[in-house]
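# What the coordinates show
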Amino acid sequence: MALPKPKQDATDARLGAVNVPDGPAWARAARTDAMDRTAAMGLPHRRDEYWKFTDPSALVAVDAAPADVLDDDDALFSGSGALTLVFVDGVFDADASDDLAGEGIEISRLADAQDLHWARDLYGALETAGQTPVERPLAALNTATATDGVLIRATGNVARPVCLRYRRSSDDADVVLHHVIRVETGAQVTLLETGSAAARLSTVTEVSVADGGTFHHVRQQGRDHQRRMNTHTFARIGAESTFKSFTLSLNGILTRNDCVIEILGDDAIAHVAGACVGDGDNFVHDDTIFITHDAVGCESRQVFKKVLRNGAVGVFQGKILVKQGAQKTDGYQISQSLLLDGDSQFLAKPELEIYADDVACSHGSTSGAISDEALFYLRSRGVPEKQATNLLTLAFLAEALEEIEDDALADDLRDRLAGWLDRHAG
Amino acid sequence: MLNIKGLKVDLEEEDKSILKGVDLEVNAGEVHAIMGPNGSGKSTLSYVLSGKDGYKVMGGTATLDGADLLDMEPEERAAAGLFLAFQYPVEIPGVGNMTFLRTAVNAQRKARGQDELTAGEFLKEVRARAKDLKIDAEMLKRPVNVGFSGGEKKRNEILQMAMLEPKMCILDETDSGLDVDAMKLVADGVNALRSEGRAFLVITHYQRLLDHIKPDVVHIMSNGRIIKSGGPELALEVENNGYADLLAEAD
Ligand SMILES: Nc1ncnc2c1ncn2[C@@H]1O[C@H](COP(=O)(O)OP(=O)(O)OP(=O)(O)O)[C@@H](O)[C@H]1O
Ligand SMILES: [Mg+2]
């Protein structure tokens, strides 16, 4: 089917400006295939159903708009004792990174992957599966063009988290990273991500969790004010497995986080949560979540909280799809915004699609302001207005932060939020 | 200590006058009680004194030790030593009671130029005060007032008062919703705080609380005015005869 002309033109322009990188045969095959799929789908346009609220043109454009480099401190998660991998302007920096070795874990660079690499079965495969029923062409473009990223295979209970630290030195870095994680049967690993990666960043993270495996993911997205990014997480999880992902976003002009989870084995758990705070009328933050239940007795949660002020826009598009036969599904979805003034906006599209009869699914979406009553109560106890507002704002975000399993990591993020609120209140 | 002269207050949203010229003077070391029919303006007075939005001061003054209360932000009034135990304490989901108390104590200390309490100092203090009020550790951990019973909320107000050590304490129907034993606890809490330098304004409908907390002066408020003031016997008169005679007398 022919694409609409504006979409075709934008797609032609972008694809004409990118190269399919070289690599082992499997990577080349996956990339070529992804390029073909991207061309066939066309890159996203505001008229596409899942881009109604967020304009993708800056993500589609041939050139990335420059973004000032923020002197981002690297301290977050430093107490976690993580094995740290550093990417500077999207390129793995071996000197700044720890050795790619650890107990119960295999780590390699996408750029170094050889012909016979375990990732060949996964690279682009979960992304491809995640294209139905909703197309995600930016993810296919990522598969086609990513040159770097990390390939992690957990074979045991990996005590030490793996932390990806992104740094930038250039104000126009246009970065594409593609990570593949495979958690083997009964294995367990935690992935952390933090730092400012690029002026424009595209990441795809494909996560396969085998039966009984556990994957925990906690990330903080670059705090640089002008950056634009889209991330895709594609997960496929097996029986009695656990997948938990939490994202904290502060600042940025445009952030679009897609998360597509397919629950394929019985009694599995998938939780995705996020907290975002945005200040200013050029802030758009979009979480688009799609969880498919295709097994019995599984639990999924989507918990998203956004604090918006001075014209900031928050978007949540979340779906729980319960396939026929996915009985005893327990699905929960909540998206809430705290609008700190009348200029900010929260746009939500919560969806439930259920084809099984014995399920318990609930969803809710709300927008609200700081409670005057609570604010006065705090002030009457001597807490200054600004501090009281921040306390209530953190309280609003608390439910999302509680989704983080590890208390120390949650505290790190809470401190970061408190710092942001201190700087931005008023 | 607290000096209110000719205080007139309207609602901000609608042209409705609630306080129609309140005069009241409470000296350090004294306990005053305010009684009066429902809707007479008792809570409004307490809110206006503590700085709640939604009211327009149309005339009169209110000072605390000479400082103009009406000109201050609510937090400044608190730091100046004013405390209101709310008739309806507010629930704050997501904010732990401990965090709330510690934030409040330290904010006031900071405003007064004192060092903040360390976590250890604070904990010791709060545990001792909570024990006196039979507030258990679990209640301290829960979000502020969330899921507290009516009586627990009122005891929590007194705990805050004990921690903040204000000099002018206004208690708005702190006795309502309390069982007999809790009433005694709260009264003991208040009495323990009674001192030369501190004053209380106790809003209540019942004589019972005043059996425990002996007032120096009792005021009757009706339709936005103090219509009569007297000794403790005035409260007994209300208890026995209601307000009808007092109101008729005032007219
Ligand atoms: N925000 C408001 N909007 C509308 N009416 C109000 C508001 N606040 C107070 N009022 C009215 O003002 C009057 C006084 O109310 P207030 O709460 O001060 O009475 P009260 O003496 O404390 O009564 P109670 O003994 O029942 O607690 C009432 O008629 C009440 O309905
Ligand atoms: Mg009242």
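Everything here concerns the structure above.
Reference entry: report on the structure contained in this document.

Conventions we followed
Residues numbered from 1 in each chain as written. Chains lettered and ligands numbered in written order. Predicted model: local features only at pLDDT ≥ 70, side-chain atom pairs only at ≥ 80, totals over all residues. Heavy atoms only, no water. Contact = heavy atoms within 4.5 Å. Buried area = accessible area lost by both parts, 1.4 Å probe. Salt bridge = Lys/Arg side-chain N within 4 Å of Asp/Glu carboxyl O. Polar contact = N/O pair within 3.5 Å; in protein donor to acceptor, adjacent residues only side chain to side chain. Helix = DSSP H or I, 4+ residues; strand = E, 2+ residues; numbered from the N terminus. Nonpolar A, V, L, I, M, F, W, Y, C, P; charged D, E, K, R; others polar. Donors = N, O, S within 2.8 Å, 3.2 Å for Na, K, Ca; no water. Buried < 20%, exposed > 50% of the residue type's maximum accessible area, 1.4 Å probe, protein only. Near = heavy atom within 4 Å. Areas by Shrake-Rupley, 256 points an atom, 1.4 Å probe, with all protein chains shown as cover. Pairing = 2+ DSSP bridges. Axes fitted to C-alpha atoms, helices over the stretch in contact; angles between N-to-C directions. Phe/Tyr/Trp six-rings, centres within 6.5 Å; stacked < 30°, edge-to-face > 60°. Lys NZ or Arg CZ within 6 Å of the ring centre and 35° of its normal.

### Some thoughts on the interface of chain B and chain A
Each partner contributes to the interface: chain B provides 29 residues, whereas chain A provides 16 residues. Between chain B and chain A lies a buried interface of about 1,800 Å² when both sides are counted; carbon and sulfur atoms form 68% of it. If you sort the residues of chain B by the area they bury against chain A, B:E75, B:F86 and B:V90 come out on top, with a joint share of 27%. Counting the contacts that link chain B with chain A gives four salt bridges. Seen at the junction of chain B and chain A, the total is eleven residue pairs in polar contact (both at pLDDT 80 or more). Those elements giving two or more residues to the side of chain B that touches chain A turn out to be α1 (42–50), α2 (74–79), β6 (82–85), β7 (92–96), α3 (97–111) and α6 (150–164) of chain B. With six residues, α3(B) is the largest single contributor of residues to the side of chain B that touches chain A. For the side of chain B that touches chain A, the residue count by class is 17 nonpolar, eight polar and four charged.

### Here we look at the coordination of the magnesium ion (ligand 2)
All names here are of chain B. Taken together, the protein donors to the magnesium ion (ligand 2) comprise S43 (OG) and Q87 (OE1), at separations of 2.0 to 2.2 Å. Taken together, the positions of S43 in helix α1 and Q87 in the loop between β6 and β7 put the pair 44 residues apart, joining distant regions of the chain. Across this residue pair, the class does not change: S43 and Q87 are buried.

### What to know about the environment of A:G42
Residues and elements named next belong to chain A. Mapped onto the secondary structure, G42 falls in the loop between α2 (25–41) and α3 (57–60). You can call G42 buried: its relative accessible area is 0%. Spatially, the C-alpha atoms of G42 and P6 are 9.9 Å apart, while their sequence positions differ by 36 residues. What G42 contacts, discounting residues up to four positions off in sequence, is L3, K7, T11 and P137.

### Looking at the site of ligand 1
All names here are of chain B. Around ligand 1, a shell composed of 16 residues is seen, among which G39, K42, S43, T44 and H205 lie nearest. Contact distances for ligand 1 include 3.2 Å between an oxygen atom and a side-chain N or O atom of Q87. Between an oxygen atom of ligand 1 and a side-chain N or O atom of H205, the distance comes to 2.9 Å. Relative to its unbound accessible surface of 640 Å², ligand 1 loses 64% to contact with the protein. For the shell around ligand 1, the element with the most residues is α1, which contributes three residues. A class-by-class count of the residues in the shell around ligand 1 yields four nonpolar, eight polar and four charged.

### Points about the sheet that holds strand β1 (residues 83–88) of chain A
Residues and elements named next belong to chain A. With mixed pairing, the ten strands of this open sheet are ordered in space as β2-β1-β6-β8-β10-β12-β14-β16-β18-β20. Looking at strand neighbours, the two that pair on one side only are β2 (91–92) and β20 (360–368), the edges of this open sheet. Relative to β20, strand β18 (residues 330–339) is paired through nine bridges, and the arrangement is parallel. Counted as the bridge partner of Q333 is H363 from β20. Along the sheet, helix α7 (residues 385–401) contacts β12 (242–250), β14 (269–279), β16 (299–309) and β18; its crossing angle with β16, the most-contacted strand, is approximately 160°. Those strands touched by helix α8 (residues 407–424) are β8 (188–195), β10 (214–221), β12, β14 and β16, and its axis lies near 20° from that of β12.

### Quick notes on the pairing of strand β17 (residues 313–322) of chain A
Residues in a regular strand project their side chains so that they alternate between the two faces of the sheet. Residue and element names in this part refer to chain A. Counting buried residues in β17 gives ten out of ten residues, a clear majority hidden from the surface. Burial along β17 is two-sided: the residues V313, V315, Q317, K319 and L321 and G314, F316, G318, I320 and V322 are all buried. Relative to β17, strand β15 (residues 284–293) is paired through ten bridges, and the arrangement is parallel. Across the sheet, residue V284 finds its bridge partner in β17, namely V313. For β17 and strand β19 (residues 345–354), the ladder comprises ten bridges, and the chain directions are parallel. Its bridge partner lying in β19, K319 is registered against E351.

### Some points on the pairing of β14(A)
All names here are of chain A. Of all eleven residues in β14, nine are buried; the element is thus mostly enclosed. Relative to β14, β12 is paired through nine bridges, and the arrangement is parallel. By the bridge assignment, F243 is partnered in β14 with A270. For β14 and β16, the ladder comprises eleven bridges, and the chain directions are parallel. Paired with H271 across the two strands is R301, which belongs to β16.

### Here's the deal with the pattern of salt bridges
Residues and elements named next belong to chain A. Within this structure, the stated rule accounts for 37 salt bridges over all chains. One salt bridge in this structure joins R37 and E127, with 2.8 Å as the shortest N-O distance. Taken as a pair, R37 in helix α2 and E127 in helix α4 (residues 125–129) lie far apart in primary sequence, 90 residues in all. A relative accessible area of 15% means that R37 is categorised as buried. Look at E127 and you get buried, because its relative accessible area is 0%. We note a salt bridge from E184 to R153, for which the minimum N-O separation is 2.6 Å. Pair noted here: E184 is in the loop between β7 (174–183) and β8 and R153 is in strand β5 (residues 150–154), with a separation of 31 residues, a long-range link. Among the charged side chains, a network of salt bridges with common partners joins E106, R153, R182 and E184.

### Digging into the packing of aromatic side chains
All chains considered together, the criterion is met by ten aromatic pairs over all chains. Seen in terms of ring centroids, A:W26 and A:Y123 are 6.0 Å apart; in terms of plane orientation they differ by 65°. Their pairing is edge-to-face. Taken together, the residues A:W26 in helix α2 and A:Y123 in the loop between β4 (105–109) and α4 connect sequence positions 97 residues apart. Each member of the pair, A:W26 as well as A:Y123, is classed as buried. Relative to B:F86, the ring of A:Y377 lies with its centre 4.9 Å away and its plane at 85°, an arrangement referred to as edge-to-face. On the criterion of chain membership, the pair formed by A:Y377 in helix α6 (residues 372–380) and B:F86 in the loop between β6 and β7 is interchain, its members lying in two chains. On the basis of relative accessible area, A:Y377 is assigned to the buried category, the value being 0%. A residue is classified by how much of its surface remains accessible, and B:F86, at 3% relative accessible area, is buried. Among the aromatic residues, ring-to-ring pairing joins A:F376, A:Y377, B:Y47, B:F86 and B:F100 into one connected group. Between A:K305 and the ring centre of A:F396, over which it is positioned, the NZ or CZ distance is 4.6 Å. The ring of A:Y50 is capped by A:K349, whose NZ or CZ atom sits 4.6 Å from the centre of that ring.

So yeah, pure geometry; function would need other evidence.
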